[in-house]
Amino acid sequence: MNIVYDILVVLHLLGMALLVAGVVLRLTAPQGPSGMVLMSGAGAQVITGVAITGIASAGLVDNEVDNTKIAVKLGIAVIVLVLAHILWRKPQGAQGMFYALAGLTLVNIGVAVLW
């Protein structure tokens, strides 16, 4: 099960990279396909994060789970996913919504690393 867990962690990190790439893409080329990149990254983050937590909580790997940290990260990730979906559906949406998505993405990375 460690191999599956490690693969999910890699996919989780790739989702984070997609989110950051989508933010940079939107900043440099506002008319580009950044909405789909943001949606893909946010979706990957939520799905793989839940799977990683489930495997660790079931005791199938030797990692402990901090449920408070996971709850905070999941809450932020779901908000990012909703914002990404709104920006995907309405690419010319409010600029403040995009900056909120970018900020929450950075906050979620900070929570993951510093907590």
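Residues numbered from 1 in each chain as written. Predicted model: local features only at pLDDT ≥ 70, side-chain atom pairs only at ≥ 80, totals over all residues. Heavy atoms only, no water.

**Some remarks on the packing of helix H3 (residues 67-89) against helix H4 (residues 95-114)**
Quick reminder of the rule: Axis geometry follows a simple rule: fit a line to the C-alpha atoms, using only the stretch in contact for helices, then measure angles between N-to-C directions, giving values from 0 to 180 degrees. Starting at the N terminus, helices and strands are each numbered in turn, a helix being any DSSP run of H or I of at least four residues and a strand any DSSP run of E of at least two. To sort the angles, those under 35 degrees are grouped as roughly parallel, those over 145 as roughly antiparallel, those from 65 to 115 as roughly perpendicular, and the leftovers as oblique. Throughout, a crossing is termed right-handed when the near helix is turned clockwise from the far one, and left-handed when it is turned anticlockwise from it by less than a right angle. In what follows, residue pairs with any heavy atoms lying within 4.5 Å of each other are defined as contacts. Under the scheme applied, nonpolar residues are Ala, Val, Leu, Ile, Met, Phe, Trp, Tyr, Cys and Pro; charged residues are Asp, Glu, Lys and Arg; polar residues are all the others, including Gly.
Here H3 crosses H4 at 155°, and the two axes come no closer than 9 Å. In terms of their interaxial angle, H3 and H4 are classed as roughly antiparallel. Remark: the crossing between H3 and H4 carries left-handed chirality. Contacts from Lys69, Lys73, Ile76, Ala77, Ile79, Val80, Leu83, Ala84, Ile86 and Leu87 in H3 reach Met97, Phe98, Ala100, Leu101, Leu104, Thr105, Val107, Asn108, Val111 and Ala112 in H4. Counted by class, the contact of H3 with H4 contains 16 nonpolar, two polar and two charged residues.

**Considerations on the layout of surface pockets**
In this approach the atoms are scanned with a rolling probe the size of a water molecule, which exposes any empty space left behind. Threshold: Computed over the protein atoms alone on a 1 Å grid, cavities are sets of points where a 1.4 Å probe fits but cannot get out and pockets are open sets with protein on both sides within 12 Å along at least five of seven lines; a residue lines them when it has an atom within 4 Å of a point. Grid points are joined across faces, edges and corners, and a volume is the space filled by probe spheres set on the points.
Here the largest pocket defines a volume of roughly 670 Å³. Lining of the largest pocket is provided by 29 residues; of these, His12, Gly49, Ile70, Lys73 and Ala112 occupy positions nearest its centre. Among the elements of the structure, helix H1 (2-28), helix H2 (34-57), H3 and H4 are those that each provide at least two residues to the lining of the largest pocket. The dominant element in the lining of the largest pocket, judged by the number of residues it contributes, is H2, at eight residues. Here the residues of the lining of the largest pocket sort into 18 nonpolar, seven polar and four charged.

In short, the description is geometric, and any link to function would need to be established separately.
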